[in-house]
Amino acid sequence: MPQFSIIIPLYNKEKFLEKTLNSVFDQTFDDYEVIVVNDGSTDDSLNILNRFLNNKIKIYNQENQGVSSARNLGIEKSSAPFCCFLDADDLWKNNHLQTLFELTKKFPEAGMFCSRYEIQITKNKIITPSFDFENSYEGYVFDFFKSSMVNRVALTSTVCINKKIHKEINGFNISVNNGEDLDFWIRIALNYKVAISNKTTVFYNHMVENHSLSKLDIENRSLPDLDKYGTQEKLNSSLKDFLDLYRIEFALHFHISGNQNKKK
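Bear in mind the structure is a predicted one, so any value in this text is a computation, not a measurement. (Residues numbered from 1 in each chain as written. Predicted model: local features only at pLDDT ≥ 70, side-chain atom pairs only at ≥ 80, totals over all residues. Heavy atoms only, no water.)

**Remarks on the overall build of the protein chain**
Phase 1: A count of helical and extended segments in the protein chain gives ten helices and ten strands.
Phase 2: The C-alpha radius of gyration of the protein chain comes to 18 Å, within 12% of the 18 Å expected for a compact globule of 264 residues.
Phase 3: Its C-alpha atoms give the protein chain principal-axis dimensions of about 50 × 40 × 40 Å.
Phase 4: Out of the 264 residues in the protein chain, the part that is buried amounts to 52%.
Phase 5: Excluding contacts between residues fewer than 6 apart, the proportion of contacts in the protein chain whose partners are at least 24 apart in sequence is 77%.
Phase 6: Of the roughly 12,900 Å² that the protein chain leaves accessible, carbon and sulfur atoms contribute 49%.
Phase 7: Each charge class in the protein chain was averaged separately, 31 positive and 34 negative side chains, and the resulting centres sit 2 Å apart. (Helix = DSSP H or I, 4+ residues; strand = E, 2+ residues; numbered from the N terminus. Rg over C-alpha atoms; globule rule 2.2 N^0.38 Å. Buried < 20%, exposed > 50% of the residue type's maximum accessible area, 1.4 Å probe, protein only. Contact = heavy atoms within 4.5 Å. Areas by Shrake-Rupley, 256 points an atom, 1.4 Å probe, with all protein chains shown as cover. Lys, Arg positive; Asp, Glu negative; His and termini not counted. Charge placed at Lys NZ, Arg CZ, Asp CG, Glu CD.)

**With respect to the pattern of salt bridges**
Phase 1: Throughout the structure, instances matching the rule amount to 16 salt bridges.
Phase 2: Ionic pairing is found between Arg 71 and Glu 180, a salt bridge with its closest N-O pair at 3.7 Å. Highlighted residues: Arg 71 in helix 3 (residues 67–77) and Glu 180 in helix 7 (residues 180–191), separated in sequence by 109 residues.
Phase 3: We classify Arg 71 as buried; its relative accessible area is 3%.
Phase 4: Judged by relative accessible area, which is 8%, Glu 180 ranks as buried.
Phase 5: Across the pair Arg 247 and Asp 227 runs a salt bridge whose closest N-O atoms are separated by 3.2 Å. One end of the pair, Arg 247, is in helix 10 (residues 237–257); the other, Asp 227, is in the loop between helix 8 (215–218) and helix 9 (230–235), with 20 residues separating them in the sequence.
Phase 6: Arg 247 gets classed as partly exposed once you look at its relative accessible area, which sits at 23%.
Phase 7: Looking at Asp 227, the relative accessible area reads 56%, which means it is exposed.
Phase 8: Within the structure, one salt-bridge network assembled from shared partners comprises Asp 227, Glu 233, Lys 240, Asp 244 and Arg 247. (Salt bridge = Lys/Arg side-chain N within 4 Å of Asp/Glu carboxyl O.)

**Thoughts on the nonpolar core**
Phase 1: In this structure, Phe 4, Ile 6, Phe 85, Met 112, Phe 144 and Trp 185 are the most contacted members of the largest nonpolar core, which totals 71 residues.
Phase 2: Among residues more than four places away in sequence, those in contact with Phe 4 are Phe 29, Asp 31, Tyr 32, Glu 33, Ala 80, Phe 82, Cys 84, Leu 97, Leu 100, Phe 101 and Cys 160. (Core = buried A, V, L, I, M, F, W, Y, C linked by side-chain atoms within 4.5 Å.)

**What to know about the pairing of strand 2 (residues 32–39)**
Phase 1: Across the eight residues of strand 2, eight count as buried, placing the element largely inside the fold.
Phase 2: Alternating positions in strand 2 separate into two faces, Tyr 32, Val 34, Val 36 and Asn 38 on one and Glu 33, Ile 35, Val 37 and Asp 39 on the other, with burial throughout.
Phase 3: Relative to strand 2, strand 1 (residues 4–10) runs parallel, the two being bridged by seven bridges. Paired with Ile 7 across the two strands is Ile 35, which belongs to strand 2.
Phase 4: Between the parallel elements strand 1 and strand 2, the chain passes through helix 1 (residues 17–25) in a crossover that is right-handed.
Phase 5: Sheet topology places strand 2 next to strand 3 (residues 57–62); six bridges connect them, and they run parallel. Within the sheet, the bridge partner assigned to Val 36 lies in strand 3 and is Ile 59.
Phase 6: Taking the sense of rotation as the criterion, the β-α-β connection linking strand 2, helix 2 (residues 45–50) and strand 3 turns out right-handed. (Pairing = 2+ DSSP bridges. Right-handed = clockwise from strand over helix to strand, strands pointing away.)

Right under this line is the structure:
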């Protein structure tokens, strides 16, 4: 049984997939399996993926059902005790899995483990996010929601979870097709400790066209119901501030699109 199952949802990422997979196979830590869920890709992604076939890769195909469904299927098919997530347009540095392995050993009470990351904002600009703790800090995150107000502690391609948690919190919500990862991390952080490394191991591609909510897209997006956390936010001021931040962000998108009802 491998230590890690790497879950990669795949939908039309032919421009990025080869580099993403190469970043996996360049890892210094090699006790892993790769589970790719092809979510009905219509470009050349599947052909590119087939070039990488080896005994570490398992491929599952489904009709296009969205990233939440793809991640849930990948986790269900996984065999490792820990699941790592990687979007098919992001890159791992070669120390990523080794860093997460050490984190799981040092901080076994955590249910979610995160490394640090860099963000490609434009072709010539890369930023390194900071948090409300020292850059050298490694350990349990004292206040996950407060620490995530400016930059997210949990960014999908940086995250590893204890697999058993997936079932305990009912997995990714397949009725949500934008912000599904945000909803998943909230549910984990409300119930389990989160640990973060002081090492930067992920290169997050923020330039990809479909990462943004366009005026057309927003009308067809199903966003997470943040009001379902009403009881918890009354008892947790950091959670309330965090949720209010995203309520404002979502409302702004609807305002820009001209949807005056949904923005409320």
